[in-house]
Amino acid sequence: MKELQTAIDAARQAGALIREKAFVSKQIDVKSSASDLVTEVDKEAEKIIRRFITSHHPDHVILGEEGVDAGVVAAKEALTNHRVHEHLWIVDPIDGTTNFIHGFPFFCVSIAYAVKQEVVLGVIYDPIKDELFTAEKGKGAWLNGEPIQVSSERTLAESLLASGFPSGDPAGMRQVNTDGILRLSPHVRNIRAGGSAALHLAYVAAGRLTGYWELDLNAWDLAAGAILITEAGGMVTDTIGNPYEIGVRHILATNGSVHVAVKQALAEAGATGF
Ligand code: 2AM
Ligand code: CA
Ligand code: CA
Ligand code: CA
């Protein structure tokens, strides 16, 4: 579908700006707290993506992180207002802004397109490694044009998992997630926390991670990554096993084989976020 090319071109163009600014100092603004930051590059990258989408699809609606006020309440409200639109783009101009600010090279552009509230394509672009992850409903998932699939590990003991520490308003979520990490860590090969939800999801799709979970994320962190994983043969639910849809905040995404085991461990640790 022609929307895929729009998403790819927009992600690459925004990515070029992000790459150019990656390792130079930038102006940082605080949003809801000292761990919720934004730079002028986030805003400029979102403008580039918006311009691109609007020029090719003038009747489509865009939900972009930097077009929404800070905080969980505003994010939920924005999703409620936007999700009713038949042609909806869900955009995170830089996922991993904290990494971008610190010069830790793990961040990406994330763009999804949903029709009647169902995500039908996703693009995630890592401008540092020049890796473009793409997926289209029913057609598969690719990395730089080559088909990708989730990994083949069957047990927790063989699994490389990733998680993350939410920065948002319910600060207690960090403690809750630490409980989940403590519960799982003795049983898995290892756990990573790279700081970009979307890139972690892309890595699950590409078989570089066995699975990933994180609490209290927003639609723009997850939409593109979710379809990448489904199309790569994996499984995406919330942390208690309900199927992914664009309102999910507590995400569990795996190769499928270890899904139940991770879900059970989180439940036993009281670390599902629910
Ligand atoms: P961001 O870089 O686009 O803000 C890292 O754990 C993940 O959490 C990233 O995907 C990051 O996305 C997201 N994140 C960062 N700050 C957040 C906040 N205040 N509320 C919710 N999610 C946040
Ligand atoms: Ca942010
Ligand atoms: Ca994000
Ligand atoms: Ca962002």
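Above this text is the structure in question.
We now turn to the structure provided with this report. (Residues numbered from 1 in each chain as written. Chains lettered and ligands numbered in written order. Predicted model: local features only at pLDDT ≥ 70, side-chain atom pairs only at ≥ 80, totals over all residues. Heavy atoms only, no water.)

With that settled, consider the sheet that holds strand β8 (residues 140–143). Here seven strands make up an open sheet; going across it, the order is β3-β4-β5-β6-β7-β8-β9 and the pairing mixed. Each edge of the sheet is formed by a strand with only one pairing partner; in this case those strands are β3 (61–64) and β9 (146–147). Of the strand pairs in this sheet, strand β4 (residues 87–95) and strand β5 (residues 108–115) are connected by seven bridges, and their pairing is antiparallel. Each bridged residue has a counterpart across the sheet, and for D95 the counterpart in β5 is C108. Where helix α1 (residues 2–21) meets the sheet, its contacts fall on β4, β5, β6 (118–126) and β7 (131–136), and the angle it forms with β6 comes to roughly 30°. Packed onto the sheet, helix α3 (residues 72–83) meets β3 and β4 and runs at close to 165° relative to β3. (Pairing = 2+ DSSP bridges. Helix = DSSP H or I, 4+ residues; strand = E, 2+ residues; numbered from the N terminus. Contact = heavy atoms within 4.5 Å. Axes fitted to C-alpha atoms, helices over the stretch in contact; angles between N-to-C directions.)

Attention now goes to the environment of A10. Checked against the element boundaries, A10 lands in helix α1. Given the relative accessible area of 0%, A10 is considered buried. Along the primary structure A10 and A45 are separated by 35 residues, whereas in three dimensions their C-alpha atoms are 9.2 Å apart. If near-sequence neighbours (up to four positions away) are discounted, A10 is found in contact with I49, F52 and I111. (Buried < 20%, exposed > 50% of the residue type's maximum accessible area, 1.4 Å probe, protein only.)

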